[in-house]
Amino acid sequence: PEVSAAIEPDLLYPLLRGRDVQRWRAEPSAYILMVQDPKTRRGIAEEELKERYPETWRYLKRFESILRERAAFKRYFTRKDKSGKVIEIGPFYSMFDVGDYTFAPWKVVWLGFGARTMKVAVVGAANGKPVISNQAMHPFISLEHEDEAHYVCASMNSSPFELAVRAHTQEGGKSFAQSNILDHIRIPKYDPADPVHRALAEASQEAHEAVARGDEPRLREIEGQIDSLAARLWDLTPSELAEIRRGFGDIL
């Protein structure tokens, strides 16, 4: 049920929804209540939540019966003892698959669900808090440094990476470019001393700025530079890169 209630702002985090993620742009349009302890991988202890965030506790308590019925809660936060009695091993508001990576200061996010092409962007903090990604819709890579995030983003938005993704996943399906894609497509570890790596990071930053300005001609120029740098990253010849780009036609 929809209710309105005043709660403490401490555990509210900006959330990326649906089309909030596009190529070279990710801007959160909603908020999510994160009451998870990333260290224990369970909800914040009930006594602590009641003491530190009493209004948040009262809000969640309204939905206790509903939250206990979640399939993920039953699967990951309940166990049966020897007598067959169900024992809860986490507060009723515990969430699955939340860890330190969820709160990383920088994320490389991309549109996964229903996508037809790579749409990757870098997102940092918003209003002093890390942005949370809907992992089912927006797979992401958590990183500690902005330059590395932009390097990865540029690599993933390049035509050579696009070709590798299309060779491995199904366009338009739920499985397009899910997070395990990096188990199959190698991106060299970022080295700030490598001029190609640094140039890719700088180009990604410029691409984000061009999109924010709505400067399409400049964006196309930057993306051409990124493709040339990516060809050097993966040891492709200029003719091989040209063939890749010709094969995509007007899709990219």
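Just above sits the structure.
1. Some remarks on helix α6 (residues 159–168)
Now for step 1: For α6, the set of buried residues is Ser 159, Pro 160, Phe 161, Glu 162, Val 165 and Arg 166.
Now for step 2: Buried residues along α6 sit against α5 (146–156), α8 (216–233) and α9 (238–248).

2. Some thoughts on the pattern of salt bridges
Now for step 1: Under the criterion given, the structure shown has 18 salt bridges.
Now for step 2: Among the ionic pairs, Glu 55 bridges to Arg 58, the shortest N-O distance being 2.6 Å. You can see Glu 55 and its partner Arg 58 sitting in helix α2 (residues 54–61), three residues apart, about one turn around the helix.
Now for step 3: Residue classification places Glu 55 among the partly exposed positions, given a relative accessible area of 34%.
Now for step 4: Note that Arg 68 and Glu 88 form a salt bridge whose closest N and O atoms lie 2.3 Å from each other. Of this pair, Arg 68 sits in helix α3 (residues 64–68) while Glu 88 sits in strand β8 (residues 86–88), and the two are 20 residues apart along the sequence.
Now for step 5: Judged by its relative accessible area of 36%, Glu 88 falls in the partly exposed class.
Now for step 6: Here the salt bridges do not stand alone but share partners, grouping Arg 23, Glu 216, Arg 220 and Glu 223 into one network.

3. Some remarks on the nonpolar core
Now for step 1: Within the largest apolar cluster, 38 residues are counted, with the highest numbers of intra-cluster contacts made by Val 108, Met 118 and Met 156.
Now for step 2: Of all the secondary-structure elements, those providing two or more residues to this core are β9 (106–110), β10 (120–123), β14 (140–143), α5, α6, α7 (195–213) and α8.
Now for step 3: Dropping the residues within four chain positions of it, Met 118 is found in contact with Arg 23, Trp 110, Met 156, Asn 157, Phe 161, Glu 162, Val 165, Phe 176 and Ala 177.
Now for step 4: Core analysis: the second largest hydrophobic core is formed by twelve residues, Leu 11, Tyr 53, Leu 60 and Phe 63 among them.

4. A look at the sheet that holds β9
Now for step 1: Spatial ordering of the open sheet is given by β10-β9-β14, a layout of three strands whose pairing is antiparallel. At either end of the open sheet lies a strand with only one pairing partner, and these are β10 and β14. Averaged over all neighbouring strand pairs, the angle between strand axes comes to 15°, with direction disregarded.
Now for step 2: Bridging between β9 and β14 involves four bridges; their strand directions are antiparallel. Bridging across to β14, Val 109 finds its partner in Phe 140.
Now for step 3: Packed on one face of the sheet, α5 meets β9, β10 and β14 and runs near 15° to β9.

5. What about α2?
Now for step 1: When we look at burial in α2, the residues that qualify are Thr 56, Trp 57 and Leu 60. End-on, the buried residues of α2 take up no more than an arc of 100°, which puts them together on one face.

6. So, the sheet that holds strand β13 (residues 132–133)
Now for step 1: What the three strands build is an open sheet, ordered β4-β1-β13; its pairing is mixed. If you trace the sheet from one side to the other, it starts and ends with β4 (30–33) and β13, each paired once.
Now for step 2: Pairing of strand β1 (residues 12–16) with β13 involves two bridges; the strand directions are parallel. Its bridge partner lying in β13, Leu 15 is registered against Ile 132.

7. Some points on the packing of α6 against α9
Now for step 1: Packing of α6 against α9 leaves a shortest axis separation of 10 Å and a crossing angle of 60°. In terms of axis orientation, α6 runs oblique to α9. Crossing hand, α6 versus α9: left-handed. Where α6 approaches α9, its residues Ser 159, Pro 160, Glu 162, Leu 163 and Arg 166 are matched on the opposing element by Leu 241, Ile 244, Arg 245 and Phe 248.
Now for step 2: Classifying every residue of the contact of α6 with α9 by side-chain character gives five nonpolar, one polar and three charged.

8. Remarks on the packing of aromatic side chains
Within a pair of aromatic rings, the relevant descriptors are the distance that separates the centres and the angle that separates the planes.
Now for step 1: Considering all chains together, one arrives at nine aromatic pairs under this definition.
Now for step 2: Taking 6.4 Å as the distance between ring centres and 40° as the angle between the ring planes, the aromatic pair formed by Tyr 101 and Phe 140 counts as tilted. Of this pair, Tyr 101 sits in the loop between β8 and β9 while Phe 140 sits in strand β14; the two residues are 39 residues apart in sequence, bridging distant segments of the chain.
Now for step 3: On the basis of relative accessible area, Phe 140 is assigned to the buried category, the value being 14%.
Now for step 4: Site record: aromatic cluster; members linked through ring pairs are Trp 57, Phe 92 and Tyr 93.
Now for step 5: Just above the ring of Phe 140 sits the side chain of Lys 107; from NZ or CZ to the centre is 5.6 Å.
Now for step 6: The ring of Tyr 13 carries the charged tip of Lys 129 above its face, separated from the ring centre by 5.0 Å.

Calculation notes
Residues numbered from 1 in each chain as written. Predicted model: local features only at pLDDT ≥ 70, side-chain atom pairs only at ≥ 80, totals over all residues. Heavy atoms only, no water. Buried < 20%, exposed > 50% of the residue type's maximum accessible area, 1.4 Å probe, protein only. Helix = DSSP H or I, 4+ residues; strand = E, 2+ residues; numbered from the N terminus. Contact = heavy atoms within 4.5 Å. Salt bridge = Lys/Arg side-chain N within 4 Å of Asp/Glu carboxyl O. Core = buried A, V, L, I, M, F, W, Y, C linked by side-chain atoms within 4.5 Å. Pairing = 2+ DSSP bridges. Axes fitted to C-alpha atoms, helices over the stretch in contact; angles between N-to-C directions. Arc of directions from axis to C-beta. Parallel < 35°, antiparallel > 145°, perpendicular 65-115°, else oblique. Left-handed = near helix turned anticlockwise from the far one by under 90°. Nonpolar A, V, L, I, M, F, W, Y, C, P; charged D, E, K, R; others polar. Phe/Tyr/Trp six-rings, centres within 6.5 Å; stacked < 30°, edge-to-face > 60°. Lys NZ or Arg CZ within 6 Å of the ring centre and 35° of its normal.

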